[in-house]
Amino acid sequence: MDGYFGSYVVVVVLLLIGVGIFAGGLFVNRMLRPDRPTPEKLMTYECGVDPVGEGWAQSQIRYYVFTYLYVVFAVDAVFLFPWATVFAAPGFGMTTLVEMFVFLAFIALGILYAWRKRVLAWT
């Protein structure tokens, strides 16, 4: 398969094979599993406690903000570990140091913004 579109044909064929394997596994699972629904099995599961009230509950926005801040710090950590390994390589010292300080400045600016908006106050 030469040419520009030849490599795309290979990707599409592999994608179709992957989807076929996935769909085949789901189909075989549905055919082999036992199917005996009971009222207890059809009831909503909430950590072993019988459900009480409606299924709709509102959450405060601060929980999402703390989750977002956690993701920011996790991404920060993901970028810090490879940087620490490259920093010791010859010829990359000053360049990587400046790049990391720019990155950390952006993170610090975001945290400062959240602090000024009183998002970090747990009240």
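Higher on the page you've got the structure.
Parameters at a glance
- Residues numbered from 1 in each chain as written.
- Predicted model: local features only at pLDDT ≥ 70, side-chain atom pairs only at ≥ 80, totals over all residues.
- Heavy atoms only, no water.
- Helix = DSSP H or I, 4+ residues; strand = E, 2+ residues; numbered from the N terminus.
- Rg over C-alpha atoms; globule rule 2.2 N^0.38 Å.
- Buried < 20%, exposed > 50% of the residue type's maximum accessible area, 1.4 Å probe, protein only.
- Contact = heavy atoms within 4.5 Å.
- Areas by Shrake-Rupley, 256 points an atom, 1.4 Å probe, with all protein chains shown as cover.
- Lys, Arg positive; Asp, Glu negative; His and termini not counted.
- Charge placed at Lys NZ, Arg CZ, Asp CG, Glu CD.
- Axes fitted to C-alpha atoms, helices over the stretch in contact; angles between N-to-C directions.
- Parallel < 35°, antiparallel > 145°, perpendicular 65-115°, else oblique.
- Nonpolar A, V, L, I, M, F, W, Y, C, P; charged D, E, K, R; others polar.
- Salt bridge = Lys/Arg side-chain N within 4 Å of Asp/Glu carboxyl O.

A. Molecular detail of the overall build of the protein chain. Along its length, the protein chain carries four helices and zero strands. What you see for the protein chain is a C-alpha radius of gyration of 26 Å, clearly larger than the 14 Å of a compact globule of 123 residues, by over 25%. Taking all 123 residues of the protein chain together, the buried fraction comes to 6%. Across the protein chain, contacts joining residues at least 24 apart in sequence account for 45% of those joining residues at least 6 apart. Here the protein chain has roughly 11,300 Å² of accessible surface; of this, 71% comes from carbon and sulfur atoms. In the protein chain, the 8 positive side-chain charges and the 8 negative ones have mean positions that sit 8 Å from each other.

B. The packing of helix α3 (residues 61–87) against helix α4 (residues 93–116), seen in detail. Close contact between α3 and α4 brings their axes to 10 Å; oriented N to C, the two are set at 170°. Taken together, the axes of α3 and α4 are roughly antiparallel relative to one another. For the pair α3 and α4, contact is made by Val 72, Phe 73, Asp 76, Phe 79, Leu 80, Trp 83, Val 86 and Phe 87 and by Gly 93, Thr 96, Leu 97, Met 100, Phe 103, Leu 104, Ile 107 and Ile 111, respectively. Of the residues assigned to the contact of α3 with α4, the class counts are 13 nonpolar, two polar and one charged.

C. Representation of the environment of Asp 35 in the model. Among the secondary structure elements, Asp 35 is positioned in the loop between α1 (6–32) and α2 (39–42). Classification of Asp 35 by relative accessible area gives exposed; the value is 58%. Sequence separation between Asp 35 and Phe 73 is 38 residues, and the spatial gap between their C-alpha atoms is 45 Å.

D. Representation of the pattern of salt bridges in the model. Within this structure, the stated rule accounts for one salt bridge. A salt bridge links Asp 35 to Arg 33, with the nearest nitrogen and oxygen atoms 4.0 Å apart.

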